[in-house]
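The chain contents come next:
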Amino acid sequence: MKMFAYRGKHENFGDELNHWLWERLLPGFFDDDESQLFLGIGSILYDNFDPNMQKIVFGSGYGGYTNPPKVDRNWTFYFVRGKKTAEVLGIDPSYAIGDSGILTRSCWDAKSIEKRYPVSFMPHYESAMYGSWDKACELAGIHYIDPRWSVEKVLTEISASHKVVSEAMHGCIISDALRVPWRAIRPIAPGNRAKWYDWASALDLEIDFDAIGPSNLVEAGASLVRKNTYLLKNITFRHRRIRQLTGNYVFGSTVKTLQRVAQKPGQLSSDESMVNAHNRMLLELDRLKQDFSKKTASVL
């Protein structure tokens, strides 16, 4: 069975969690056999997988980046990220247990890490690429967490924070799983918003989003021309040059808004919801191991 994980222009915490988490929970489980594909963390339920390939879904979600996949006998579901995903795929809502990143609770001891930061901010990885959020955080007096850092560095920085403000969905998912209060920033790109409600639906959680706005002229320009693919690509392609020409200017209003949002109380799903979701995932993990140990034994 081959593990599938999305990777864009840069490594991104939420996607890279797949490589960190599953080797700890399922050591020796994966190989390069593409006849079986393991779909874990991420909005990776696409419609363009080989229809003859067996797809094993273990906490993934539908994000709207392709049309919904056609579910047939080559799809096997252990659980999905949320109720929205179950609805779109036409499967029983009981499969909506939560994002499988919650299983990080089984592999990481956040309580053993000393709290050093009153508030930390994590942007979406595209915002980290094109924005000036490190500088905005410096001006706001807030600790910056880059989603392109290694998984263990991000986990350490989240654990060392009293509160995390995040535009990256997995910044909030993992903070919630580790019981670090968080505040969600509404993603600048509209296409990155719906999946948040999917994750929250499994935990009976209502997200109190805040909007911060663009950090610099690159993000502001990209927001204005987002529907024009040609202009959007030109702006993002030249993002380093634009920042250089503008002296990496950061909008003062955005810095002030970030400071104001950082002062708000954090959110958490209920302890009961989190414990129940985690326990159900552990049961599914055991079932996955048993199912595939039986199949391996029958082949031998």
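Residues numbered from 1 in each chain as written. Predicted model: local features only at pLDDT ≥ 70, side-chain atom pairs only at ≥ 80, totals over all residues. Heavy atoms only, no water.

- Under an unreviewed UniProt entry, the name given to the protein is Polysaccharide pyruvyl transferase family protein, and the organism recorded is Rhizobium brockwellii.

So, the packing of aromatic side chains
Aromatic ring pairs: the centre-centre distance and the angle between the two ring planes describe each pair.
So, step 1. According to the stated counting rule, one finds 21 aromatic pairs in the structure shown.
So, step 2. Each residue in the set Trp-22, Phe-29, Phe-30, Phe-38, Phe-58, Tyr-78, Phe-79 and Phe-292 is aromatic and connected to the rest through ring pairs, giving one cluster.
So, step 3. When the ring centre of Trp-149 is taken as origin, the NZ or CZ atom of Lys-153, which lies over that ring, is 4.0 Å away. (Phe/Tyr/Trp six-rings, centres within 6.5 Å; stacked < 30°, edge-to-face > 60°. Lys NZ or Arg CZ within 6 Å of the ring centre and 35° of its normal.)

A word on the confidence of the model for the protein
So, step 1. The predicted model of the protein averages 92 in pLDDT, with 98% of residues at 70 or higher.
So, step 2. Segment residues 296–300: pLDDT under 50, and zero contacts once partners within four positions in sequence are set aside and those in other chains are kept. (pLDDT = per-residue confidence, 0-100. Contact = heavy atoms within 4.5 Å.)

Quick word on the pairing of strand 3 (residues 54–58)
So, step 1. With five of five residues buried, strand 3 is to be regarded as a mostly interior element.
So, step 2. On strand 3, burial covers both faces: Gln-54, Ile-56 and Phe-58 on one face and Lys-55 and Val-57 on the other are all buried.
So, step 3. Across four bridges, strand 2 (residues 36–39) lies against strand 3 in parallel orientation. The residue of strand 3 that forms the bridge with Phe-38 is Ile-56.
So, step 4. As paired elements, strand 3 and strand 4 (residues 75–79) share four bridges and run parallel to each other. Along strand 4, the bridge assignment pairs Val-57 with Phe-77. (Buried < 20%, exposed > 50% of the residue type's maximum accessible area, 1.4 Å probe, protein only. Helix = DSSP H or I, 4+ residues; strand = E, 2+ residues; numbered from the N terminus. Pairing = 2+ DSSP bridges.)

What about the sheet that holds strand 7 (residues 164–166)?
So, step 1. On the basis of which strands lie adjacent, the open sheet formed by four strands has the order 6-5-7-8 and parallel pairing. If you trace the sheet from one side to the other, it starts and ends with strand 6 (143–144) and strand 8 (182–184), each paired once.
So, step 2. One ladder, built from three bridges, connects strand 5 (residues 120–122) with strand 7; its direction is parallel. The residue of strand 7 that forms the bridge with Met-122 is Ser-166.
So, step 3. Lying over the sheet, helix 6 (residues 169–177) contacts strand 5, strand 7 and strand 8, oriented at roughly 155 degrees with respect to strand 8. (Axes fitted to C-alpha atoms, helices over the stretch in contact; angles between N-to-C directions.)

Observations concerning the nonpolar core
So, step 1. Counting residues in hydrophobic clusters, the biggest one holds 54 residues, and the most contacted among them are Trp-22, Phe-38, Phe-58, Ile-158, Trp-199 and Leu-288.
So, step 2. Elements with a contribution of two residues or more to this core: helix 1 (13–25), strand 3, strand 4, helix 5 (151–159), helix 6, strand 8, helix 7 (194–202) and helix 12 (271–299).
So, step 3. Excluding residues that lie within four positions of it along the chain, Trp-199 makes contacts with Arg-81, Asp-99, Met-169, Cys-172, Ile-173, Asp-176, Trp-182, Leu-205 and Ile-207.
So, step 4. Membership of the second largest hydrophobic core comes to 17 residues, among which are Phe-121, Trp-133, Val-165 and Ile-185. (Core = buried A, V, L, I, M, F, W, Y, C linked by side-chain atoms within 4.5 Å.)

Looking at the packing of helix 1 against helix 5
So, step 1. In contact at an axis separation of 9 Å, helix 1 and helix 5 are set at 100 degrees when each is read in the N-to-C sense. Regarding the angle of helix 1 to helix 5, the classification is roughly perpendicular. Where helix 1 approaches helix 5, its residues Phe-13, Glu-16, Leu-17, Trp-20 and Arg-24 are matched on the opposing element by Val-151, Glu-152, Val-154, Leu-155 and Ile-158.
So, step 2. In terms of residue class, the contact of helix 1 with helix 5 is built from seven nonpolar, no polar and three charged. (Parallel < 35°, antiparallel > 145°, perpendicular 65-115°, else oblique. Nonpolar A, V, L, I, M, F, W, Y, C, P; charged D, E, K, R; others polar.)

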